Amino acid sequence: MTQRLKDKVAVITGAASGIGRATALRFLEEGASVVATDVNQGALGTLVEEIGDSGQVEAIAADVTRRADTEGVVEKAVTRFGRLDILVNSAGITPRTVDPSADFEARWDAVMAVNAKGTFLMCHAAVEAMRRNDGNGGAIVNVASIMGLVGYPTSLPFSDGFTAYPHSKGAVVQLTRDMGVRLAQEGIRINAVCPGFVYTALTENVIDDPEVHETMRKLHALGRMGQPEEIANVIAFLASDEASFVAAAVWPVDGGYTAA
Ligand code: NAI
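Report on the accompanying structure. (Residues numbered from 1 in each chain as written. Predicted model: local features only at pLDDT ≥ 70, side-chain atom pairs only at ≥ 80, totals over all residues. Heavy atoms only, no water.)

## Some remarks on the pattern of salt bridges
Phase 1: Here the structure, examined in full by the defined rule, presents 15 salt bridges.
Phase 2: Among the salt bridges present, the one from Glu 186 reaches Arg 131, with a minimum N-O distance of 2.8 Å. Separated by 55 residues along the polypeptide, Glu 186 in the loop between helix 5 (164-184) and strand 6 (188-195) and Arg 131 in the loop between helix 4 (104-130) and strand 5 (138-143) bring together distant segments of the chain.
Phase 3: A residue is classified by how much of its surface remains accessible, and Glu 186, at 36% relative accessible area, is partly exposed. (Salt bridge = Lys/Arg side-chain N within 4 Å of Asp/Glu carboxyl O. Helix = DSSP H or I, 4+ residues; strand = E, 2+ residues; numbered from the N terminus. Buried < 20%, exposed > 50% of the residue type's maximum accessible area, 1.4 Å probe, protein only.)

## A word on the packing of aromatic side chains
For any two aromatic rings, the description comes down to two numbers: the centre-to-centre distance and the angle of the planes.
Phase 1: Inspection of the entire model under this criterion finds 2 aromatic pairs.
Phase 2: Residues Phe 197 and Tyr 257 carry aromatic rings whose centres are separated by 6.1 Å and whose planes lie at 65° to one another, so their mutual orientation is edge-to-face. In this pair, Phe 197 sits in the loop between strand 6 and helix 6 (201-204) while Tyr 257 sits in the segment after strand 7 (250-253), placing the two residues 60 residues apart along the sequence. You'll find Phe 197 and Tyr 257 in the same group, each marked buried. (Phe/Tyr/Trp six-rings, centres within 6.5 Å; stacked < 30°, edge-to-face > 60°.)

## Describing the site of the ligand
Phase 1: In the vicinity of the ligand there are 29 residues, among which Ser 17, Ile 19, Asp 38, Tyr 165 and Thr 200 approach most closely.
Phase 2: One of the backbone N or O atoms of Ile 19 is found 2.8 Å from an oxygen atom in the ligand.
Phase 3: In isolation the ligand offers 820 Å² of accessible surface; the protein chains occlude 92% of this area.
Phase 4: The element that contributes the greatest number of residues to the shell around the ligand is helix 6, accounting for 3 residues.
Phase 5: For the shell around the ligand, the per-class residue count stands at 16 nonpolar, 10 polar and 3 charged. (Near = heavy atom within 4 Å. Polar contact = N/O pair within 3.5 Å; in protein donor to acceptor, adjacent residues only side chain to side chain. Areas by Shrake-Rupley, 256 points an atom, 1.4 Å probe, with all protein chains shown as cover. Nonpolar A, V, L, I, M, F, W, Y, C, P; charged D, E, K, R; others polar.)

## Re helix 3 (residues 67-81)
Phase 1: The end-to-end C-alpha separation of helix 3 is 21 Å, in line with the 21 Å expected for 15 residues at 1.5 Å each.
Phase 2: Listed as buried for helix 3 are Thr 70, Gly 72, Val 73, Val 74, Ala 77 and Phe 81.
Phase 3: Next to the buried residues of helix 3 lie strand 1 (9-13), strand 2 (33-38), strand 3 (57-61) and helix 4. (Expected span 1.5 Å × (residues − 1). Contact = heavy atoms within 4.5 Å.)

## Notes on the side chain of Glu 30
Phase 1: Structurally, Glu 30 can be placed in the loop between helix 1 (18-29) and strand 2.
Phase 2: By relative accessible area, which is 1% here, Glu 30 ends up buried.
Phase 3: At 2.7 Å, the side chain of Glu 30 and the side chain of Arg 26 are in polar contact.
Phase 4: What Glu 30 contacts, discounting residues up to four positions off in sequence, is Met 1, Thr 2, Gln 3, Arg 4, Leu 5 and Lys 6.

Quick look at the structure:
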């Protein structure tokens, strides 16, 4: 099999779990050198143990809400592997992840900080490095959500009346289009995927309720939720040179959810 990301250097946020983890594994298969970063140092360690010492992966604990961390990750990636070609922003949370005792304003701020600001800070740091690639540019793939395209379904319960999640993912969609348009002429392609509901740690507590699981499943035209690897497949394509004419684009990867 041709390795689509051979000799590319990629930073992947949220790499310790779910879609980010599946993407890291897929990128390694495709020949990339991967800087796997996550705020969860323990889970990051488990991932690296699993991968083994191939010399192709570097794990860095970092919080995407902190500017110094995001700049540090990019700097370390360049120091270790010589440059940066690809960034995948998969780090994300929902209001369920936030301390339940926090009030609605604090929960909104917390979700926006990781999903929207974290994506922006990582893009900002990565673009600075990609501009140094002798005109070869780079590729950024943001993991937005169907909730960046449509409102949260009224058929599903959520905890706090109004959830910041769709608001934050709408910001990621527009950030992708706006930065994507601005940077395309520099050869930096910024695109987003909008996954439907996927089986990861983010959804596991919700689908514990069989009725909720059934409702969620049926919202997708394919009649099922997705697997992290099915999102990673599309991310790998968008990050690769095969997607050379895809820029500032927002791709649903949602089993037909948003078309229904
Ligand atoms: P996950 O919970 O399995 O993985 C998210 C990772 O992000 C975790 O390892 C977590 O430690 C990390 N993270 C959280 N806050 C961070 C921070 N401040 N700095 C660095 N890392 C941080 O969740 P999943 O499902 O893999 O989510 C990945 C992305 O996909 C998220 O942006 C999520 O919003 C998005 N998404 C997920 C869907 C789903 O149904 N699972 C659907 C649509 C989008």
